[in-house]
Structures are given as C-alpha cells and as structure tokens.
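# Chain and residue survey
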Amino acid sequence: MRNNSLEIKISVTGTILVVLPKFIGDAVNCTPALQLIKENYPNHKISLLVRPHLAELFKRDSRYSVIIDERFNSSKSISMLAQAKILKSERIELAFIMRNSLSEAMLCFLARIKYRVGYAKNGRSPLLTHSLILNPNHHYIYRYCRLINEPLGNPFSTIPSTSLMTNESELIGCTNNKNIGIYFGGKNKELRHYPLKLALKSLEIIAKQNDCCLYLFGDPTEVEDVKQLHEQLIKQSIDSKMLAGKTSIASMADAIGTLDLMISIDSGPMHIAAALNVPIIPIVGLGTSPWSLVAPKTLNQIALVANGSQLLEGDIIKEINPKDIADATKKLLD
C-alpha cells in the first residue's frame, strides 16, 4: 500500500463511499464488508454507489445512503465527469472500490476523493492511494472484507454473514404446503443453465415427495425458458406459480425471503437466499468463477457440484442427477 494504514482511520471526517459491483450476487457478497465499515465508523455517513437496478434493494437499509450511478441509467445516462461532479458534492473523503475496473478508480480520482482503496488490477494503481495485491485464491467475500480490514490496520478477525433488508411479499401464498423457489436460469446463463428435461424430472420427484408449491423465478430475458418449464408442470398437475419476468430485484428478494427452500444455479437469487438465511440447494456446473470462490458462507445448504468425467463443457451440469436434487430437498425440508 502507498499510505500508512492508520492515516485513514485517524483523519477521515467526511463521507465514506463504497462502490458496489454491478452484479446482484457480487453486491450481496459485499454486505459483510459494509458491516465492517459501519462498525469501524459508526458515526460517519456511508454512501453506496450502485447501478440503477440495485438501488431499490439497497435503499431499504437505513444505515446507508444510496447514490445511483447515472452513467448506467438507460433513459438518461450521464458522462463520467458529470457523475464525478455528483460525488464531489457529497464531500466524500474515503472510497472503498469493490469493483476491479479502471473506470471506477478513474471516477473516484476525478471526484477528488482523498483516500481511494482498491485492488491493483487493470492498470489502475496510479489512481488509488491504497492498492492491495489481489490473491485470486481468496473467496469473493474475503476479498471485499480484506479491502476494509487491511487499510485500517486489521482491526477485525472474522467475517460477518451476508445480510439484506426485505419487506413482506404478497407473491408467496400462506398455506400448509412448503414453498420452494426454483431458479434454473435460462439459456442466456449458458453453461450454468440446468436443462429443461432434467429440471422437469427433478421437480416431478420433488412434487411426489413433498406437499409443496413451486415458485419459478427468472429475469425478463428468461421468461420463455421458464414458461416452457411451467407449462410442463401444469400438464403434470404440479402446483407451481410463474414469477419469471414479474419481479424487480427487490420484490424477488422479498419473495425469496418467505420461502422454505431455494433451489438455484450459481446466481444472484442463490446469494440472496443465503443472505436471508433461507435453506438453499445450489446446482453447480461450470460457473463464471470456481465454486470455491463464490460458495455461500452458510451451513444451511446442500451444494450439488458436478464432479464427473465429462469432457464437453456443455455436459458438465448434466452430471447432477434430478434424484439427487429431490433427495437434498427432502433432507433440508425435513
């Protein structure tokens, strides 16, 4: 690092900024780091710079204020200089930059934020006052917390749990049946997507073994894929509800928070469920990051990880047997 670690802790009197990542799961995995910041700076204003689609979810937590990154507003995007001007008006003195892009470091530099902490990635070290060397073997949650802990002189020895604020949901019915969330993704998830035939077979077994209602999640780009699964479930007279394309990120989190169980590929919904202490069954084929780096830090899960001999990447997730998903469901519900 380029500055004395204690200098931050002693001198900061202004606002503290946290630049959150753009993906849902990564942003959720930053919540332990946010708790460390709040514990170390209990009387400081802490602002979160978030993409527009994440704003509703994070605005619920009164401990933090939210600044929307208008550079990514689909209806009225602004330039980096204009966004930097907004940040400058907030009197920010310290920024923790969780996303490893050059643009976020440049933004904080242009906003004239006194202390700028981040990882030495993508040629951005000259733009940071405190640059840490990234260990690629560290879990993502560990990486985010380390960005807080080391520049402050390592005052913390343990990582808090991920957490989110939610509201009551009207999307999940209140019955004696078990409410199970399903997110197998769409074809847009490519190698992470759990194929329709296998997904249907697993849900058929689950429906026979449990009195349950299945809630099918998905974003607007996945509606057609999820609809195909829903139509097959209807033909089998399996109680299910189509939520794909009908929720915002925040209302999806509200719905997930009321479930008895979440079955999901490696995804944002999986991390949301973990943050809400909902039992989860992760379905893990070949993800965008090694599973050991992104696995939820919770004991309330049974992860089904493909570990066979398939040489074709597209077949790796097919190694996860529908019966194994059903057995894990039964075990967690019991």
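Just so it is clear, the structure is predicted and the values come from calculations on it, not from any experiment.

### A few points about the pairing of strand 10 (residues 261–265)
By the criterion of burial, strand 10 is predominantly enclosed, with five of the five residues buried. The side-chain alternation of strand 10 yields two buried faces, one formed by Leu261, Ile263 and Ile265 and the other by Met262 and Ser264. Bridge count for strand 7 (residues 178–183) against strand 10 is four bridges, and the pairing is parallel. Each bridged residue has a counterpart across the sheet, and for Ile180 the counterpart in strand 10 is Leu261. As judged from the four bridges shared by strand 10 and strand 11 (residues 280–284), these two strands associate in the parallel manner. Bridged to Ile265 within strand 11 is Ile283. You can see the chain leave strand 10, run along helix 11 (residues 268–275) and come back into strand 11, and the turn it takes is right-handed.

### Let's talk about the packing of aromatic side chains
Scanning the model with the defined rule gives two aromatic pairs in all. On the numbers, 6.5 Å between centres and 80° between planes, the contact of Tyr140 with Tyr144 is edge-to-face. Here Tyr140 and its partner Tyr144 are both found in helix 7 (residues 140–149), four residues apart, which amounts to about one turn of the helix. Assigned by exposure class, Tyr140 and Tyr144 land together as buried. When the centroid spacing of 5.2 Å and the interplanar angle of 40° are considered together, the rings of Phe184 and Tyr194 count as tilted. Of the two residues, Phe184 sits in the loop between strand 7 and helix 8 (196–209) while Tyr194 sits in the loop between strand 7 and helix 8, which places them 10 residues apart along the sequence. With respect to burial, Phe184 and Tyr194 carry one shared label: buried. Over the face of the ring belonging to Tyr140 we find Arg143, whose NZ or CZ atom lies 4.4 Å from the ring centre.

Rules and cut-offs
Residues numbered from 1 in each chain as written. Predicted model: local features only at pLDDT ≥ 70, side-chain atom pairs only at ≥ 80, totals over all residues. Heavy atoms only, no water. Buried < 20%, exposed > 50% of the residue type's maximum accessible area, 1.4 Å probe, protein only. Helix = DSSP H or I, 4+ residues; strand = E, 2+ residues; numbered from the N terminus. Pairing = 2+ DSSP bridges. Right-handed = clockwise from strand over helix to strand, strands pointing away. Phe/Tyr/Trp six-rings, centres within 6.5 Å; stacked < 30°, edge-to-face > 60°. Lys NZ or Arg CZ within 6 Å of the ring centre and 35° of its normal.

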